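Coordinate analysis (summary)
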Amino acid sequence: MDEKHLSKRLATVASYVPAGARMADIGSDHAYLPAALALTKQISYAVAGEVVKGPYENAVSEIRGHGLTDVVKPRLADGLDAITPSDRIDTVVIAGMGGTLIAEILERGKQHLTGVHRLVLQPNVGEARLRRWLMTNRYQIMAEQIVGEDDHIYEIIVAEPSPVPFKYSDYELMFGPHLLEKKGPVFTAKWQDYAKRQRGIIAQIEQAQQVPVTRIAAMKQQLALVAEALDDDKN
Ligand code: SAM
């Protein structure tokens, strides 16, 4: 992958960045995403924020190498501290981290989200926690995608601030309100695999001398939700 050939995962993320956006890519690593969008003139401005020096330096050389220094600004900063009001950022992308870390970055940097109309988030795990943060902080989930790439399955969550609170059920937080509507083969593969692993764990811990009854009950309850989502009562 490079700035000219985005992975399927990053290309899906990119497809939700509005044309002409002023975006911040937080945890940008090589800055592939903002560089790709700037090279194809799909964005008007970007901040590439990175907290670790090595990846930040990669981003700097990527941006310089493509003559993009006027459009893409690399910043060595923690989370949303990479953004200043004069950047007039309207779209924030956070991709390739755990959902809990993404929620923490959003929580810590809330003051920088004024004026941001769209969040494009791609958690590697912990999607339910991230959706819960969005719900608690008055975001509406506008779209979701699930893509498979190199033996991994990724969810992309697009959210926008809402004047009215949105309530999602635990079921929707777990599986994604939009993903539940369309499901499809990647969704099915993800949750079938999850159910298989959970059943293996349950079988193992049922052998313990002191069986953790409450934990097993909670896991079985989750398995029942998976069965419901898969329209399949054999889980
Ligand atoms: N966003 C790119 C992608 O999706 O391909 C890179 C993902 S890479 C796995 C995660 C990056 O996020 C790493 O470069 C890491 O240093 C950076 N990161 C982690 N926590 C961060 C934070 N609090 N602020 C800025 N960057 C962070």
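Residues numbered from 1 in each chain as written. Predicted model: local features only at pLDDT ≥ 70, side-chain atom pairs only at ≥ 80, totals over all residues. Heavy atoms only, no water.

Below, the discussion takes up the overall build of the protein. From N to C terminus, the protein includes nine helices and seven strands. For 235 residues, the compact-globule estimate of 2.2 N^0.38 gives 18 Å, and the protein sits close to it at 19 Å. Once the C-alpha set of the protein is aligned to its principal axes, its extents read approximately 60 × 40 × 35 Å. Burial statistics for the protein: of 235 residues in total, 47% are counted as buried. Pairs at least 24 residues apart make up 67% of the contacts formed inside the protein by residues separated by at least 6 positions. For the protein, the computed accessible surface area is about 11,900 Å², with 52% contributed by carbon and sulfur atoms. (Helix = DSSP H or I, 4+ residues; strand = E, 2+ residues; numbered from the N terminus. Rg over C-alpha atoms; globule rule 2.2 N^0.38 Å. Buried < 20%, exposed > 50% of the residue type's maximum accessible area, 1.4 Å probe, protein only. Contact = heavy atoms within 4.5 Å. Areas by Shrake-Rupley, 256 points an atom, 1.4 Å probe, with all protein chains shown as cover.)

Of all the residues in helix H1 (residues 8–15), the buried ones are Arg9, Leu10, Thr12, Val13 and Ala14. For H1, the elements touching its buried residues are helix H2 (32–39), strand E4 (91–97), strand E5 (118–123), strand E6 (139–149) and strand E7 (152–161).

Our focus in this paragraph is the site of the ligand. Among the 17 residues in the neighbourhood of the ligand, the closest are listed as Arg9, Gly27, Glu50, Asp78 and Gly79. Contact between the ligand and Asp78: a nitrogen atom at 2.8 Å from a side-chain N or O atom of the residue. Between the ligand and Ala95, the relevant distance is 3.0 Å, taken from a nitrogen atom to a main-chain nitrogen or oxygen of the residue. Bound to the protein, the ligand loses 79% of the 600 Å² it would expose on its own. Of all the secondary-structure elements, those providing two or more residues to the shell around the ligand are H1, E4 and helix H4 (99–108). Grouping the constituent residues of the shell around the ligand by class yields nine nonpolar, three polar and five charged. (Near = heavy atom within 4 Å. Polar contact = N/O pair within 3.5 Å; in protein donor to acceptor, adjacent residues only side chain to side chain. Nonpolar A, V, L, I, M, F, W, Y, C, P; charged D, E, K, R; others polar.)

This part takes up the packing of aromatic side chains. In this structure the tally under the stated criterion is six aromatic pairs. Taking the centre distance of 6.2 Å and the plane angle of 20° together, the rings of Phe166 and Tyr168 count as stacked. The exposure class assigned to Phe166 is partly exposed, which follows from its relative accessible area of 27%. The ring of Tyr154 carries the charged tip of Arg9 above its face, separated from the ring centre by 5.5 Å. Over the ring of Tyr45 we find Arg22; its NZ or CZ atom is 4.2 Å from the centre of that ring. (Phe/Tyr/Trp six-rings, centres within 6.5 Å; stacked < 30°, edge-to-face > 60°. Lys NZ or Arg CZ within 6 Å of the ring centre and 35° of its normal.)

With that out of the way, let us pick up the nonpolar core. By size, the foremost hydrophobic cluster in this structure holds 30 residues, and its most contacted members are Val92, Ile94, Leu106, Leu113, Leu119 and Leu134. Looking at this core, the elements that each hand over two or more residues are strand E1 (21–26), strand E2 (43–50), E4, H4, E5, helix H5 (127–136), E6 and E7. For Leu106, the residues in contact, after removing those within four places along its chain, are Leu80, Ile94, Leu113, Leu119, Leu121, Leu130 and Trp133. Leu68, Ala95, Val120 and Val147 belong to the second-largest nonpolar core, a separate cluster that totals 27 residues. (Core = buried A, V, L, I, M, F, W, Y, C linked by side-chain atoms within 4.5 Å.)

Quick look at the pairing of E4 now. With six of seven residues buried, E4 is to be regarded as a mostly interior element. Judged from the four bridges that link them, E1 and E4 form a sheet pairing that is parallel. Within E4, the residue paired with Ala24 across the bridge is Val92. In terms of handedness, the path from E4 via H4 over to E5 forms a crossover that is right-handed. (Pairing = 2+ DSSP bridges. Right-handed = clockwise from strand over helix to strand, strands pointing away.)

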